[in-house]
Amino acid sequence: MKSLLLTLFSTKRGLKILDEEFEDDLYRKSLLIFGVYGMIQFITDFEQEAYENGILQIFLEFGLSILFSILVGLIFSYMLYQVGKWFNGNSNFIEIFSLLAYSYFPIIIGFIIIIILKKSNYGIGGIKNTSLFNFILLLSWLLSGKIIFQGLLMFNDYGTAKAILNLSILIALIVGLYFLLPYLIIS
């Protein structure tokens, strides 16, 4: 827990603590973080009216959300690792996997804040809730990007240009999937 909070508030110190942990512990913690992200994502999108078929469907989609989150974390981590190797990075897969998992922590906090605000029907003056929710998500994504960027610099032991290239390939893939996935599902 200490490494999570330090990574959020003092990224370089948190990453140094992360680098000193045993790889087995990092792997388990990373799987747990991705699983928690899947749970929070499910809870954020959950609407009770949509589940008239019963509790079995809810549990099935809940479990699939967790498994999908872990699978996506593994795939994206492997891609970051391979791109880092192309740029002669010094990291191993577990370091990149844990880095990506720890970078999800601000996003998890952002979703928790959104869940709390949704439950309290909170609104600020003329600002719509969706604008506030988007701002919270943008802020958490920026914090997440900061953690990934500094981690790539530290673990791969290369310069800023290579870290930007490494990260931009992942961002391009995520944006591409975001826009192409609806077309792939419809076809």
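Each remark here, short or long, concerns the structure printed above.
Note that the structure is predicted; figures quoted are calculated from it, not measured. (Residues numbered from 1 in each chain as written. Predicted model: local features only at pLDDT ≥ 70, side-chain atom pairs only at ≥ 80, totals over all residues. Heavy atoms only, no water.)

1. Here we look at the overall build of the chain
The test is simple: Where helices and strands are cited, they refer to DSSP runs of H or I of at least four residues and of E of at least two residues respectively, numbered from the N terminus. Per-residue accessibility, obtained with a 1.4 Å probe over protein chains only, is compared with the maximum for each type, and a residue is labelled buried under 20%, exposed over 50%, and partly exposed between these values. In what follows, a contact means two residues having at least one pair of non-hydrogen atoms within 4.5 Å.
Of regular secondary structure, the chain possesses 8 helices and 0 strands. Ordered by position in the sequence, the α and β elements of the chain form the string α-α-α-α-α-α-α-α. Sorting the 187 residues of the chain into buried and exposed places 39% on the buried side. In the chain, 68% of the contacts between residues at least 6 apart in sequence involve partners at least 24 apart.

2. Structural notes on the nonpolar core
Side chains of nonpolar character tend, in soluble globular proteins, to be buried together. As a reminder of what qualifies: Nonpolar cores are built from buried Ala, Val, Leu, Ile, Met, Phe, Trp, Tyr and Cys residues. Side-chain atoms within 4.5 Å join them into one set.
Core analysis: the biggest nonpolar cluster contains 39 residues, and Phe34, Leu100 and Leu152 have the highest contact counts within it. Elements represented by at least two residues in this core include exactly α2 (11-20), α3 (23-45), α4 (55-86), α5 (93-103), α6 (105-119), α7 (129-156) and α8 (160-186). Broken down by element, the residue count for this core peaks at 8 residues, all from α7. Apart from the residues lying within four places of it in its own chain, the contact partners of Leu100 are Phe34, Gly73, Phe76, Ser77, Leu80 and Ile148.

3. Focus: the side chain of Ser144
For Ser144, the position within the fold is in helix α7. Looking at Ser144, the relative accessible area reads 3%, which means it is buried. If near-sequence neighbours (up to four positions away) are discounted, Ser144 is found in contact with Ser103, Tyr104, Pro106 and Ile107.

4. Concerning the packing of α5 against α6
Helix-helix packing: each pair is described by the crossing angle between the helix axes and the interaxial distance. What counts is decided by this rule: A fitted line through C-alpha atoms represents every axis, and for helices the fit uses only the stretch in contact; the resulting angles, taken between N-to-C directions, go from 0 to 180 degrees. Here is the rule for angles: anything less than 35 degrees is roughly parallel, anything more than 145 is roughly antiparallel, 65 through 115 is roughly perpendicular, and the remaining ranges are oblique. Put simply, Ala, Val, Leu, Ile, Met, Phe, Trp, Tyr, Cys and Pro go in the nonpolar bin, Asp, Glu, Lys and Arg in the charged bin, and everything else, Gly too, in the polar bin.
For the pair α5 and α6, interaxial distance at closest approach is 4 Å and the crossing angle is 25°. If you check the angle between α5 and α6, you find them roughly parallel. Where α5 abuts α6, its residues Ala101, Tyr102 and Ser103 lie against Phe105, Pro106 and Ile107. A class-by-class count of the residues in the contact of α5 with α6 yields 5 nonpolar, 1 polar and no charged.

5. Quick word on the environment of Phe9
By the element assignment, Phe9 lies in helix α1 (residues 2-9). Under the relative-accessibility criterion, Phe9 is labelled exposed at 66%. Along the sequence, Phe9 and Leu143 sit 134 residues apart, while their C-alpha atoms lie 9.5 Å from each other.

6. Some thoughts on the layout of surface pockets
Stated precisely, the cut-off is as follows: Detection works on a 1 Å grid of protein atoms alone, calling trapped sets that fit a 1.4 Å probe cavities and calling open sets with protein on both sides within 12 Å along at least five of seven lines pockets, with lining residues defined by an atom within 4 Å of a point. Grid points are joined across faces, edges and corners, and a volume is the space filled by probe spheres set on the points.
In this structure, the largest pocket spans a volume of roughly 1200 Å³. Forming the boundary of the largest pocket are 35 residues, of which Tyr37, Phe76, Tyr104, Trp141 and Ile174 lie nearest the centre. Of all the elements in the fold, those that place two or more residues in the lining of the largest pocket are α3, α4, α6, α7 and α8. Class assignment for the residues of the lining of the largest pocket results in 27 nonpolar, 6 polar and 2 charged.

7. Some details on α5
Defined as follows: Any N or O atom pair separated by 3.5 Å or less is treated as a polar contact, with the protein-specific requirement of one donor-capable and one acceptor-capable atom, and with residues adjacent in sequence counted only for side-chain atom pairs.
Within α5, 10 of the 11 residues are buried, which leaves the element mostly enclosed by the surrounding structure. Along α5, the residues that are buried comprise Ile94, Glu95, Ile96, Phe97, Ser98, Leu99, Leu100, Ala101, Tyr102 and Ser103. With a side-chain oxygen lying 3.3 Å from the backbone nitrogen of Ile94, the N-terminal cap of α5 falls on Asn92.

8. As for the side chain of Ser69
As for its placement among the helices and strands, Ser69 is situated in helix α4. Among the residues examined, Ser69 registers a relative accessible area of 6% and is labelled buried. Not counting chain neighbours up to four residues away, the residues in contact with Ser69 comprise Phe34, Tyr37 and Gly38.

9. So, the packing of aromatic side chains
In plain terms, the rule: Note on ring pairs: Phe, Tyr and Trp rings are taken, using the six-membered ring of Trp, and paired if centres are within 6.5 Å. Classes follow the plane angle, with under 30 degrees stacked, over 60 edge-to-face and the rest tilted.
In this structure the tally under the stated criterion is 10 aromatic pairs. Between Tyr37 and Tyr104, the aromatic rings sit 4.7 Å apart at their centres with planes inclined by 75°, giving edge-to-face as the arrangement. Taken together, the residues Tyr37 in helix α3 and Tyr104 in the loop between α5 and α6 connect sequence positions 67 residues apart. An aromatic cluster is defined as three or more aromatic residues linked by ring pairs; in this entry it consists of Tyr27, Phe34, Tyr37, Tyr78, Tyr81, Phe93, Phe97, Tyr104 and Phe111.

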